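Here's the letter readout for the chains.
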Amino acid sequence: MSTHSVVSSEPEGSRSKPVGSGVVDCDIHPAASSPTEVAQYLPERWRKHVSTFGVRLPNQPTINIVPYPRMAPGHGMRMDSWPPNGGAPASDLGFMREQLLDACNIEFGILQPLSGGSMTTNQELGSAFCNAMNEWQLEKWTRKDKRLKGAICVAQEDADSAVATIERYAKNRDFVHIAIPTRTMEPFGRKRYWPIFEAAERWNLPICMHAPATGYHCNTPSGWASYYIEEHIAFSHPPQTIVTSMILEGVFERFTRLRIVLVEGGFAWVPPLAWRLDKQWQIMRDEVPHVKRPPSGYLREHFWFTTQPVEESERPSDLLDTIRWIGSDRLMFSTDYPHWDFDDPSRAFKIELSREDRKAILRDNAVALFRLNE
Amino acid sequence: MSRHVVARVGEIAPGQRKILEVSGRRIGVFHSNGEYFALLDRCPHQGASLCSGMLVSLVDSSEPGEYRMSRQAEMLRCPWHGWEFDIRTGQSWCDPAKVRVKTYLVTVEPGAELAKGPYVATTYSVTVEDDYVLVEI
């Protein structure tokens, strides 16, 4: 009998879940078990600063809590997500495994830590805080469960420090993307951010831009909205500014391999924005001669979108059309665990996706983009 | 259709619920304002454990600045996405014609009556002195 028999050398149980059958979740929010858990990774100078002055995030009507009261109790958490052993939702790896990774057959989970460091007005502190978040992800999550993949959190408003952070962590494949929130200080195509794009391209790392509750500006261009429902709708506005700014500033003419993932900003708005950009470009392209091709081409090549919360159109076929217009190779499944608007991979799409599209959206697109098979 | 003993009267306190498996289905039995209700423990939206959700009142409004509270503790709010269901009918508040969760008939009967049968009581030994909550499935 041949000792090279592939079938007989397969470990028990591997046949029930063939390789490639799992789900990649592109939006998991890991939490700290205590308010000081991340701060312990700060250098002494900043630990002292935080204990003396605290942390102030920009443009928040309140300090250290989300600007809008969300579903109570728990500020917008899934009501069943509190770990039985205590602590905040998504602060306990054991319970995260049970409730999310194992229950939903998650082959890889991409962490989106929503680092306050990216939005701290004291930018030196912000940079130190991002480094602390990165160390915390390694120690608490990615080294303990190989399914979990981290985000290099950076203080994007100080591009030099952001690049230094990327250089420090990019070699470690526990990190598969660079995390930047969507409400940046200036439109994201501006040259002040280009050193970050250069580093992202050098290390072949996509930049994930997650819609956060906080940011350097109000949540609508006219100021703060009244209700949480409005804030939730406003998550889809900054991504449109990002797309428009990056394309029209010529970012993708310079950085031809740069890849941007827009996380939790919705996706149904993408086709009409592309149509509008192309129409205006035909008329006004002399103003932006560095934009050499129809904007929709750059959009198609450089942007990816996570799905949660999947838009639910009145007629299911409308959503299928939308997915076809964007391209099923550009959408990536996400749960948003442990937030209340969680999507379950087996139930999130209320439409009949083809087998190929389903596999691409639930797994393969993310495996390729984040290089999860390497 | 069969009738199942799911609780002894007094076991589910007012405002509380009991989630259990009956005939292979997970159901929630609620005791609200002196009445009992039973629903399938599965949200028709994305499959969450609906019966772990909060019982809330119905809030509605005739115009901005005005609101009315009614139906105290008769709306069941899903712990995931907050979809609300009427515990009397199982109808969803947002789309009552199309979206509903299965409800079951609940009755309270004295043990003396039950002793005559037929009923299914896998976890209860029915005594004639007590009253019981039954669900018809």
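These numbers were taken from a predicted model, which means no experiment stands behind them. (Residues numbered from 1 in each chain as written. Chains lettered and ligands numbered in written order. Predicted model: local features only at pLDDT ≥ 70, side-chain atom pairs only at ≥ 80, totals over all residues. Heavy atoms only, no water.)

1. Quick word on a nonpolar patch on the surface
All names here are of chain A.
Reasoning step 1: On the surface, Tyr227, Ile229 and Ile233 cluster together into a nonpolar patch covering about 370 Å² of accessible area.
Reasoning step 2: Turning to its location among the elements, isoleucine 233 is positioned in helix α6 (residues 228-234).
Reasoning step 3: According to the relative accessible area criterion, isoleucine 233 is exposed, its value standing at 53%. (Patch = residues over 30% accessible without salt bridge, like charges linked within 9 Å, V, L, I, M, F, W, Y side chains within 5 Å. Areas by Shrake-Rupley, 256 points an atom, 1.4 Å probe, with all protein chains shown as cover. Salt bridge = Lys/Arg side-chain N within 4 Å of Asp/Glu carboxyl O. Helix = DSSP H or I, 4+ residues; strand = E, 2+ residues; numbered from the N terminus. Buried < 20%, exposed > 50% of the residue type's maximum accessible area, 1.4 Å probe, protein only.)

2. Side note on the side chain of asparagine 219 of chain A
Residues and elements named next belong to chain A.
Reasoning step 1: Mapping asparagine 219 onto the fold places it in the loop between β5 (207-210) and α6.
Reasoning step 2: The class for asparagine 219 is buried, based on a relative accessible area of 4%.
Reasoning step 3: Looking at asparagine 219, its side chain comes within polar contact range of the side chain of tyrosine 68, at 3.1 Å.
Reasoning step 4: Polar contacts involving the side chain of asparagine 219 include one to the main-chain amide nitrogen of alanine 225, which spans 3.4 Å. (Polar contact = N/O pair within 3.5 Å; in protein donor to acceptor, adjacent residues only side chain to side chain.)

3. Looking at the sheet that holds strand β8 (residues 103-110) of chain B
Residues and elements named next belong to chain B.
Reasoning step 1: The sheet built from six strands is open, its strands ordered β1-β9-β8-β4-β3-β2 with antiparallel pairing. Each end of this open sheet is capped by a strand with a single partner; those strands are β1 (3-8) and β2 (17-22). Averaged over all pairs of adjacent strands, the angle between their axes in this sheet comes to 30°, without regard to strand direction.
Reasoning step 2: For β1 and strand β9 (residues 131-136), the ladder comprises five bridges, and the chain directions are antiparallel. From the neighbouring strand, histidine 4 faces β9, where its bridge partner is valine 135. (Pairing = 2+ DSSP bridges. Axes fitted to C-alpha atoms, helices over the stretch in contact; angles between N-to-C directions.)

4. A short note on the interface of chain A and chain B
Reasoning step 1: Listed by partner, the interface residues are 13 residues for chain A and 11 residues for chain B.
Reasoning step 2: Carbon and sulfur atoms supply 46% of the area that chain A and chain B bury against each other, a total of about 1,000 Å² over both sides.
Reasoning step 3: At the boundary of chain A and chain B, one finds zero salt bridges.
Reasoning step 4: At the junction of chain A with chain B, the criterion picks out nine residue pairs in polar contact (both at pLDDT 80 or more).
Reasoning step 5: Class assignment for the residues of the side of chain A that touches chain B results in five nonpolar, no polar and eight charged. (Contact = heavy atoms within 4.5 Å. Buried area = accessible area lost by both parts, 1.4 Å probe. Nonpolar A, V, L, I, M, F, W, Y, C, P; charged D, E, K, R; others polar.)

5. Details of the pattern of salt bridges
Reasoning step 1: For the coordinates displayed, the defined rule picks out 33 salt bridges over all chains.
Reasoning step 2: In this structure, arginine 78 of chain A and aspartate 80 of chain A form a salt bridge, with 2.7 Å as the shortest nitrogen-oxygen distance.
Reasoning step 3: Residue classification places arginine 78 of chain A among the buried residues on the basis of a relative accessible area of 3%.
Reasoning step 4: Accessibility expressed as a relative area gives 27% for aspartate 80 of chain A, which makes it partly exposed.
Reasoning step 5: With a closest N to O distance of 3.1 Å, glutamate 84 of chain B and arginine 77 of chain B form a salt bridge.

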